[in-house]
Amino acid sequence: MCFLCDVKHSAWQSRRGFLQAAAGAAAVAASAPLLAQVDVGASSSLRTLVPAGELEAASTQEYTKLLSDARAKGTLAPPGSAQLRRLRHIAGRLVPQAAQWNDRAKKWRWEVNLIDSKQINAFCMPGGKIAFYTGILTQLRLTDDEAAMIMGHEMAHALREHARARIAKSQGTSTLLSLGSQLLGLGQFGDMAASVGTQLLTLRFSREDETDADLVGLELAARGGYNPQAAVSLWQKMARVGGGGGNGPGFLSTHPSGPERIEQLQANVPKVQGLYLRARGQS
Ligand SMILES: [Zn+2]
């Protein structure tokens, strides 16, 4: 899930010195791809404090649990569901665009599932585990292009490893020390994976992460052949349903759809329009 950041500034300051030192030791630079059309910087180097493989394993565990709970309640869409097939078709066009943003994505076992719930929500957990709730499709009456924009946005959170960076920022110093040791080959990993698994569904992303996901998601969807203008109509719909102030339920409360967000997306549409047209020409 995708929430706005609530990291406490004061707590953050006390850990900052350690984090900077550890990040310096462990950082591996990762830039936006050279051919990217949207202007985003490198992913946060802090994310390297949390081992990606362990986080992806924890994510898979949490996702499996979510699906089995939904199956038990009879709310997991069956493979024959028209809406699920529609989502999987969209993913089939977006996933091939993913690896240019994160090399690890080549090895991810992407999954897309649909849960019957009135909640307006969707997410992509680390490692490519995607879920949509029926509420976001029906209440917003999403076109395929708009659903692709949401999927692209959520995939971008995973590809840009926002959860990994967010967890690094939220862990206590002692945990980070053990993580740092592990990364440097000095110690055991312990049960970090189990402890972060439960955090994955309640993570809050920062506004910077949200902007990053908006732009990377816009480009992913355009490269997949989805009309970038739909990013604008999507957030206009969000604004109508959520009142524009971020006071709506679920996804809407954590993704405020103000004029700034819409204006920024609109300004970026021309940058990816060529990618969209090229993808359509090839399809
Ligand atoms: Zn988001």
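Cut-off values and rules
Residues numbered from 1 in each chain as written. Predicted model: local features only at pLDDT ≥ 70, side-chain atom pairs only at ≥ 80, totals over all residues. Heavy atoms only, no water. Axes fitted to C-alpha atoms, helices over the stretch in contact; angles between N-to-C directions. Helix = DSSP H or I, 4+ residues; strand = E, 2+ residues; numbered from the N terminus. Parallel < 35°, antiparallel > 145°, perpendicular 65-115°, else oblique. Left-handed = near helix turned anticlockwise from the far one by under 90°. Contact = heavy atoms within 4.5 Å. Nonpolar A, V, L, I, M, F, W, Y, C, P; charged D, E, K, R; others polar. Expected span 1.5 Å × (residues − 1). Buried < 20%, exposed > 50% of the residue type's maximum accessible area, 1.4 Å probe, protein only. 1 Å grid on protein atoms, 1.4 Å probe; cavity = no way out; pocket = protein on both sides within 12 Å on 5 of 7 lines; lining within 4 Å. Points joined across faces, edges and corners; volume = space filled by probe spheres on them. Salt bridge = Lys/Arg side-chain N within 4 Å of Asp/Glu carboxyl O. Pairing = 2+ DSSP bridges.

**Student:** For the packing of helix α5 (residues 144-159) against helix α9 (residues 207-223), give the residues involved together with the corresponding values.
**Tutor:** Running from amino to carboxyl end, α5 crosses α9 at an angle of 120 degrees, the nearest separation of the two axes being 7 Å. One way to sum up the angle between α5 and α9 is to call them oblique. For the crossing formed where α5 meets α9, the hand is right-handed. On α9, the residues touching A148, M149, G152, H153, M155, A156, H157 and L159 of α5 are D209, E210, A213, D214, V216, G217, L218, L220 and A221. Split by residue class, the contact of α5 with α9 holds ten nonpolar, four polar and three charged.

**Student:** Can you break down helix α10 (residues 229-242) residue by residue, with the values?
**Tutor:** In this model, α10 (14 residues) spans 20 Å end to end at C-alpha, consistent with the 20 Å of a helix rising 1.5 Å per residue. Listed as buried for α10 are A230, A231, V232, L234, W235, K237, M238, A239 and G242.

**Student:** So what's going on with the layout of surface pockets? Which residues, and what values?
**Tutor:** Put simply, the largest pocket is a space of about 240 Å³. R207, T211, P256, E260 and R261 are the residues nearest the centre of the largest pocket, which is lined by ten residues in total. At the level of elements, α9 and α12 (259-282) are the ones that each hand at least two residues to the lining of the largest pocket. Considered class by class, the residues forming the lining of the largest pocket number two nonpolar, three polar and five charged.

**Student:** Run through the pattern of salt bridges, naming residues and quoting values.
**Tutor:** Tallied over the full model, the rule gives twelve salt bridges. A salt bridge links E146 to K237, with the nearest nitrogen and oxygen atoms 2.7 Å apart. In this pair, E146 is assigned in helix α5 and K237 in helix α10, connecting sequence segments 91 residues apart. Each member of the pair, E146 together with K237, is buried. Because the salt bridges share partners, they merge into one network encompassing E210, D214 and R261.

**Student:** Outline the pairing of strand β3 (residues 122-125), listing residues and values.
**Tutor:** Of the two faces of β3, the one holding A122 and C124 and the one holding F123 and M125 are both buried throughout. Note that β3 and strand β4 (residues 129-133) share four bridges and pair antiparallel. When the sheet's bridge partners are listed, M125 is paired in β4 with K129. As consecutive antiparallel partners, β3 and β4 are separated by three residues, and within that stretch G127 has a phi angle of approximately 95 degrees, a positive value.

**Student:** Please set out the sheet that holds strand β2 (residues 111-115) residue by residue, giving values where relevant.
**Tutor:** Pairing is mixed across the open sheet formed by three strands, whose spatial order is β2-β4-β3. Across the chains shown, the open sheet's two edge strands, defined by having one partner strand only, are β2 and β3. The sheet shows a mean angle of 15 degrees between the axes of neighbouring strands, direction not considered. The strands touched by helix α3 (residues 82-94) are β2 and β4; relative to β2, the strand with the most contacts, the crossing angle is about 150 degrees.

**Student:** Just give me the short version of the packing of α3 against α5, but keep the residues and values in it.
**Tutor:** Closest axis-to-axis distance for the α3/α5 pair is 10 Å, and the angle between their directions is 60 degrees. Our classification of the angle between α3 and α5 gives oblique. At the point where α3 passes α5, the crossing takes the right-handed sense. Residues R86, L87, I90, A91 and L94 of α3 touch α5, and the partners they reach there are D144, A147, A148, M151, G152 and M155.

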